[in-house]
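Below, each chain spelled out in residue letters.
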Amino acid sequence: MPADEFLKFVEGGSWTNFHATVTVPIKGLWRIRNPSPAASLDNMRTTAQRLQRLIRHAIDRQVRLRAVGSRWSFSDIAAAEDGWALQTSQLNHDFIVGPALCDAAFDGDPASLVLAQAGASVAEINLKIEKPSRRRSFRTSGASNGQTIGGMIGTGVHGSAVDMGAFESEVVGLQLLTGSRNLWLENPDRPIMSAQFAAKLDAELVRDRLLFRAALVGLGALGIVHSVMLRTVPTYLLRSYRRKMEFAEVEFAMNSLSFDGVPLPRPAERPYFFQVVVHPDPKERIAYVTTRYREECPPGHRIDPSLKSGYDIGNDLPALFSKLVDALPAVTPALVKLAMAQQLAPFEDRLNSPGEAYTYTTSKPGSAGAALAVPANRLSEALALARQAYQTVPGTPATFACRFATASPGLLSFVQYARTCIIDIDGVENSKTRRVMEAVRSAFDANDFPYSQHWGKLNALTAERVRASYGDKVDAWNLARATLLPSPAERFVFSTQTLEKAGLCQ
Ligand SMILES: Cc1cc2nc3c(=O)[nH]c(=O)nc-3n(C[C@H](O)[C@H](O)[C@H](O)COP(=O)(O)OP(=O)(O)OC[C@H]3O[C@@H](n4cnc5c(N)ncnc54)[C@H](O)[C@@H]3O)c2cc1C
């Protein structure tokens, strides 16, 4: 057994994700931490060795092993069914790299890079990079900040920065551990770190386009991601507004991502962030529109790092609401409208750093989310199909939130269309919400409508759907997986039944 003071094992039991949408029996739970809290490369090397011993043990025992971050995925992507769950959230070191460790071809500023251990949360990294001595920020992240860096690239988390890709777009290198290899992976078109740097992690430097693109959204199925090099930009501010508008006023902008003539708060400026929440009932024509505009951060600006609860639609609705609407379906539409009006109250002119704007949620079990990415220029068609599908399960306590991002570099980035709209179907966790989600997917399938699904949200994956969404990229990802994990025994360790059924992990 590889268990020791820093790698604890609890045998048997069951595993549940944070929102309790998934519960599975497991063979046991591993919890790993670094040998000491102070970040050091010595710790990193020791932890990597410990992780590799665990991987080899899983291979010997023929037990599946799933690295788990914050357990925030609504889908079963992080569920180690009949296997071992590996809790990584205490692996939270982060580093600034020195210029001497960068590749000679890297002409950027090393201070723009942050090396994060995979279990660090976005919140932890934001606190560090936005502090006065660093004043750096991520260009994009999710709506809130509890996810780990490993979990972010595990599923390809996105925000709604209109002209940015999903979070994996910010990855310039990553450390991947298998039973026999410790790799520092980079894109050959963009060398960043030197072989000397990789050696400090005991890793081999591998610049390979296929492997890098596969690892950008790894689904926990390519090995254990131990650390990730992320780029940052000088801290900026977001001036934010939320207004209640007529859907017709923003529909053109949602399809075109062209904002000329749209009556948004700052009509002359292109929003950095754009989100539109609508009621799924086609008769409801109101849209809750959030816009954020990017500004320079003046030198003396104080960022407040205190932990505050922010806004996240669908995640503040208690389980009680779910039970109520199940019992009293007739009152559902009124309750949903009330919840929308309360949770999406308009505001004007709030000024925050990204770390302040995308902050903590009072997220509770009892909510559920699906997210379907579609080409933004066909959004009106997609919404019409989705709203039609909603009518087959009338009165469901759910909302549609439309967010926007650009095509992202992972082979399995679900944010994959040049201009992508991500339609979030958020609601309370009950059978009706799940039926609406499936009705929307089925409507897209039946109409051959192009879409892909968030790996970390409720998604009912099938091999047909995954193939229809990603085409040949499925084969490329499987090829990369076979290259990284040449032995069938190790491929089994990093597989799940769901991914196998979805045509991945073959
Ligand atoms: C309140 C809330 C808000 C959300 N907001 C957004 C949003 O704005 N945008 C968005 O896109 N999604 C959003 N989601 C979905 C969520 O961000 C994703 O599902 C994300 O992947 C969860 O991160 P996690 O750290 O909890 O990872 P987990 O759910 O624990 O794991 C996700 C995947 O990553 C893999 N993984 C984790 N760590 C490692 C590692 N070290 N090595 C290899 N694989 C690993 C797991 O095996 C699994 O496959 C939200 C979810 C919630 C609950």
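Before any of the text, the structure's been laid out above.
Residues numbered from 1 in each chain as written. Predicted model: local features only at pLDDT ≥ 70, side-chain atom pairs only at ≥ 80, totals over all residues. Heavy atoms only, no water.

Draft legend 1. Inspection of the packing of helix H12 (residues 463–470) against helix H13 (residues 473–484) at higher detail. In the contact formed by H12 and H13, the axes pass within 8 Å of each other and the chain directions differ by 105°. In terms of orientation, H12 lies roughly perpendicular with respect to H13. Residues Val466, Arg467 and Tyr470 of H12 lie in contact with H13, whose contacting residues are Lys473, Val474 and Asp475. Here the residues of the contact of H12 with H13 are counted per class, giving three nonpolar, no polar and three charged. (Axes fitted to C-alpha atoms, helices over the stretch in contact; angles between N-to-C directions. Helix = DSSP H or I, 4+ residues; strand = E, 2+ residues; numbered from the N terminus. Parallel < 35°, antiparallel > 145°, perpendicular 65-115°, else oblique. Contact = heavy atoms within 4.5 Å. Nonpolar A, V, L, I, M, F, W, Y, C, P; charged D, E, K, R; others polar.)

Draft legend 2. Up close: the site of the ligand. The environment of the ligand is made up of 37 residues, and the closest members are Ala67, Ser73, Ala143, Gln147 and Thr155. In this structure, an oxygen atom belonging to the ligand sits 3.3 Å away from a main-chain N or O atom of Ile77. One of the backbone N or O atoms of Ala143 is found 2.7 Å from an oxygen atom in the ligand. Relative to its unbound accessible area of 980 Å², the ligand is 99% covered by the protein chains. Those elements that place two or more of their residues in the shell around the ligand are strand S5 (65–68), helix H3 (149–155) and strand S13 (224–231). At four residues, the largest contribution of residues to the shell around the ligand is made by H3. Grouping the amino acids of the shell around the ligand by side-chain chemistry returns 12 nonpolar, 20 polar and five charged. (Near = heavy atom within 4 Å. Polar contact = N/O pair within 3.5 Å; in protein donor to acceptor, adjacent residues only side chain to side chain. Areas by Shrake-Rupley, 256 points an atom, 1.4 Å probe, with all protein chains shown as cover.)

Draft legend 3. Fine view of the sheet that holds strand S1 (residues 7–11). Across the sheet, which stays open at both edges, the four strands sit in the order S1-S4-S6-S5 with mixed pairing between neighbours. Looking along the sheet, the strands with just one partner apiece sit at the ends: S1 and S5. Between one strand axis and the next, the sheet turns through 20° on average, direction left out of account. Pairing of strand S4 (residues 28–33) with strand S6 (residues 84–90), which is carried by five bridges, proceeds in the parallel orientation. In the strand pairing of S6, Arg31 is matched with Gln87. (Pairing = 2+ DSSP bridges.)

Draft legend 4. Inspection of the pairing of strand S11 (residues 182–186) at higher detail. Most of S11 sits inside the fold, with five of its five residues counted as buried. Burial of the side chains of S11 extends over both faces: Asn182, Trp184 and Glu186 are buried on one face and Leu183 and Leu185 on the other. Taking the residues between adjacent antiparallel strands as the criterion, strand S10 (residues 171–177) and S11 are bridged by four residues. Bridge analysis of S11 against strand S12 (residues 204–207) gives four bridges, and the strand direction is parallel. Bridging across to S12, Leu183 finds its partner in Glu204. Taken together, S11, helix H4 (residues 195–200) and S12 form a β-α-β motif whose crossover is right-handed. (Buried < 20%, exposed > 50% of the residue type's maximum accessible area, 1.4 Å probe, protein only. Right-handed = clockwise from strand over helix to strand, strands pointing away.)

Draft legend 5. Here's a closer look at the sheet that holds S11. With mixed pairing, the six strands of this open sheet are ordered in space as S7-S8-S13-S10-S11-S12. Each having just a single partner strand, strand S7 (94–95) and S12 make up the two edges of the open sheet. Direction of pairing for strand S8 (residues 113–117) relative to S13: antiparallel, over a ladder of five bridges. Looking across to S13, one finds that Gln117 is bridged to Ser227. Of the strands in this sheet, S7, S8, S10, S11 and S13 are in contact with helix H1 (residues 41–61), which crosses S13 at around 140°.

Draft legend 6. The packing of helix H10 (residues 379–390) against helix H11 (residues 431–446), seen in detail. Packing of H10 against H11 leaves a shortest axis separation of 8 Å and a crossing angle of 135°. Overall, the two elements H10 and H11 adopt an arrangement that is oblique. Of the two possible hands of crossing, H10 and H11 adopt the one that is right-handed. In contact with Ala382, Leu385, Ala386, Ala389 and Tyr390 of H10, H11 contributes Val436, Ala439, Val440, Ala443 and Phe444. Its residues placed into classes, the contact of H10 with H11 shows 10 nonpolar, no polar and no charged. (Left-handed = near helix turned anticlockwise from the far one by under 90°.)

Draft legend 7. Quick look at H1. A rise of 1.5 Å per residue sets the reference length of H1, with its 21 residues, at 30 Å; its end C-alpha atoms lie 30 Å apart and thus fit the reference within 8%. Along H1, the residues classified as buried are Asn43, Met44, Thr47, Ala48, Arg50, Leu51, Gln52, Leu54, Ile55, His57 and Ala58. Directly beyond the C-terminal end of H1, a positive phi value near 55° is found at Gln62. (Expected span 1.5 Å × (residues − 1).)

Draft legend 8. The arrangement of unusual backbone geometry in detail. Even without a glycine there, the phi angle at Arg135 is positive, about 50°. Along the chain, Arg135 falls in the loop between helix H2 (122–129) and strand S9 (136–137). Residue Arg135 is classed as partly exposed on the basis of its relative accessible area of 22%. In the Ramachandran plot, Leu257 falls in the positive-phi region, its phi being about 55° despite a non-glycine side chain.

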